[in-house]
Amino acid sequence: MDWFVRAFLKSSLVWFSLAVGLALAMAAFPLLTVYRAAHLHLALLGFVTQMIYGVALHVVPRFFGQPLLHSRMAEVQFWTAQAGLVLLTTGFVARVNGWPLAAGAVAVGGLASAVGAFCFVVNLWRTMDASPMRAVQARGGRPLATLPQADAH
Ligand code: HEM
Ligand code: HEM
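Small disclaimer: the values here were computed from a predicted structure and weren't measured.

### Looking at the overall build of the protein chain
Here comes step 1: Scanning the protein chain for helices and strands turns up 5 helices and 0 strands.
Here comes step 2: In the protein chain, the succession of helices and strands from N to C terminus is α-α-α-α-α.
Here comes step 3: In terms of overall dimensions, the protein chain has C-alpha extents of about 70 × 30 × 25 Å along its principal axes.
Here comes step 4: Within the protein chain, residue pairs in contact and separated by at least 24 positions form 72% of the contacts whose partners lie at least 6 positions apart.

### A look at the site of ligand 2
Here comes step 1: In the vicinity of ligand 2, the residues found are Ala37, Leu40, His41, Leu44, Leu45, Thr49, Leu88, Val106, Gly110, Ser113, Ala114 and Ala117.
Here comes step 2: For the shell around ligand 2, the elements supplying multiple residues, two or more each, are helix H2 (36-63) and helix H4 (102-129).
Here comes step 3: Considering each element in turn, the shell around ligand 2 owes the most residues, 6 residues, to H2.

### Here's the deal with the site of ligand 1
Here comes step 1: Of all residues adjacent to ligand 1, which total 14 residues, the nearest are Ala23, Met26, Thr33, Leu40 and Ala43.
Here comes step 2: The set of elements that each furnish at least two residues to the shell around ligand 1 consists of helix H1 (3-28) and H2.

### A short note on H4
Each α-helix turn comprises 3.6 residues. Residues three or four places apart therefore point the same way.
Here comes step 1: Here H4 spans 40 Å end to end across 28 residues, near enough to the 40 Å set by a 1.5 Å rise per residue.
Here comes step 2: Taken as a whole, H4 has its buried residues at Ala105, Gly109, Ala112, Ser113, Gly116, Cys119, Phe120, Asn123 and Leu124.

### Notes on the packing of H2 against helix H3 (residues 71-97)
Here comes step 1: Close contact between H2 and H3 brings their axes to 9 Å; oriented N to C, the two are set at 170 degrees. The orientation of H2 relative to H3 falls into the category roughly antiparallel. Residue-level contacts link Ala37, Ala38, His41, Leu42, Leu45, Gly46, Gln50, Tyr53 and Leu57 of H2 to Ala74, Ala81, Leu85, Leu88, Thr89, Phe92 and Val93 of H3.
Here comes step 2: Across the contact of H2 with H3, the residue classes tally to 12 nonpolar, 4 polar and no charged.

### Comments concerning H1
Here comes step 1: Between the first and last C-alpha of H1 there are 38 Å, a value that for 26 residues agrees with the 38 Å anticipated at 1.5 Å per step.
Here comes step 2: When we look at burial in H1, the residues that qualify are Phe4, Phe8, Ser11, Ser12, Trp15, Ala19 and Leu22.
Here comes step 3: The inward-facing, buried residues of H1 contact H2 and H3.

### Brief notes about unusual backbone geometry
Here comes step 1: You will see that Leu101, though not glycine, has its phi angle at about 70 degrees, which is positive.
Here comes step 2: Within the secondary structure, Leu101 sits in the loop between H3 and H4.

### Re the packing of H1 against H3
In a packed pair of helices, the relevant descriptors are the angle between the two axes and the axis-to-axis distance.
Here comes step 1: At a minimum axis separation of 10 Å, H1 and H3 run at an interaxial angle of 15 degrees. By the angle between their directions, the pair H1 and H3 is classed as roughly parallel. Here H1 runs over H3; the crossing is left-handed. Between H1 and H3, the contacting residues are Phe4, Ala7, Phe8, Ser11 and Trp15 on the first element and Ala74, Glu75, Phe78, Gln82 and Leu85 on the second.
Here comes step 2: Per-class residue counts for the contact of H1 with H3 are 7 nonpolar, 2 polar and 1 charged.

### Things to note about the environment of Ser113
Here comes step 1: With respect to the helices, strands and loops of the structure, Ser113 is situated in helix H4.
Here comes step 2: Taking C-alpha positions, Ser113 is 9.6 Å from Trp79, a pair spaced 34 residues apart along the chain.
Here comes step 3: Those residues in contact with Ser113, other than ones at most four positions away along the chain, are Leu45, Ala81, Gly84, Leu85 and Leu88.

Parameters and conventions
Residues numbered from 1 in each chain as written. Chains lettered and ligands numbered in written order. Predicted model: local features only at pLDDT ≥ 70, side-chain atom pairs only at ≥ 80, totals over all residues. Helix = DSSP H or I, 4+ residues; strand = E, 2+ residues; numbered from the N terminus. Contact = placed C-beta atoms within 7 Å. Near = placed C-beta within 6 Å. Expected span 1.5 Å × (residues − 1). Buried ≥ 20, exposed ≤ 12 C-beta atoms within 10 Å, placed from the backbone. Axes fitted to C-alpha atoms, helices over the stretch in contact; angles between N-to-C directions. Parallel < 35°, antiparallel > 145°, perpendicular 65-115°, else oblique. Nonpolar A, V, L, I, M, F, W, Y, C, P; charged D, E, K, R; others polar. Left-handed = near helix turned anticlockwise from the far one by under 90°.

What follows is the structure, given as structure tokens:
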């Protein structure tokens with residue numbers, strides 16, 4: 001398994017813990033719901049998206065019988081996604097408190113998160129297109145995995 005797959009899965013669990021931690025505080029002290037934007041991005045961009053990144057980078061290339069085309073791009077994706085989340089969510093918290101540089105943190109964090117997301121899209125898309133199964137299908141053949149069970153007899 002590539003290191004970045006495990007790293008995405010573990011980072012997802014860390015973001016989930018932070019999302020739930022903040023959620024509990026918000027549930028107990030309703031005044032803290034001003035931090036809703038931070039909570040929902042910890043949960044949706046942190047827990048859910050990082051989990052999908054990790055699982056998809058491992059599984060999708062295997063579905064297509066084609067190793068991930070750009071490992072280096074997945075490594076860049078990991079670090080930009082984590083840096084982006086740190087900046088974006090602290091920026092959301094800073095904005096509520098009127099701290100300086102809050103808008104800049106949200107903007108730079110958003111940009112880094114978007115770079116990570118686009119790396120993911122390009123890498124998986126190109127990997128699927130490079131799949132040997134695609135060439136088989138283009139010639140009108142069917143990959144073995146799609147043959148009906150009855151053909152085996
Ligand atoms: C222990 C678990 C959780 C608790 C206690 C919790 C609690 C809360 C609270 C108190 C709010 C603010 C509601 C308000 O503005 O009045 C909220 C908002 C939100 N939470 Fe959670 N949450 C939890 C887990 C999650 C998870 C796992 C997700 C997504 C994967 C999530 C997604 C959201 C979203 C999208 C909002 C914004 C809803 C809106 O804008 O109407 N939450 N949550
Ligand atoms: C590059 C990644 C992302 C960036 C830069 C980003 C940025 C933002 C920003 C700046 C807002 C406005 C927050 C406010 O002013 O209070 C917002 C709102 C929101 N985002 Fe994201 N977001 C990203 C990804 C996502 C993803 C992946 C999801 C869900 C799967 C999501 C769900 C939401 C929701 C539900 C709201 C509305 C919150 C509300 O009702 O106040 N975002 N996002």
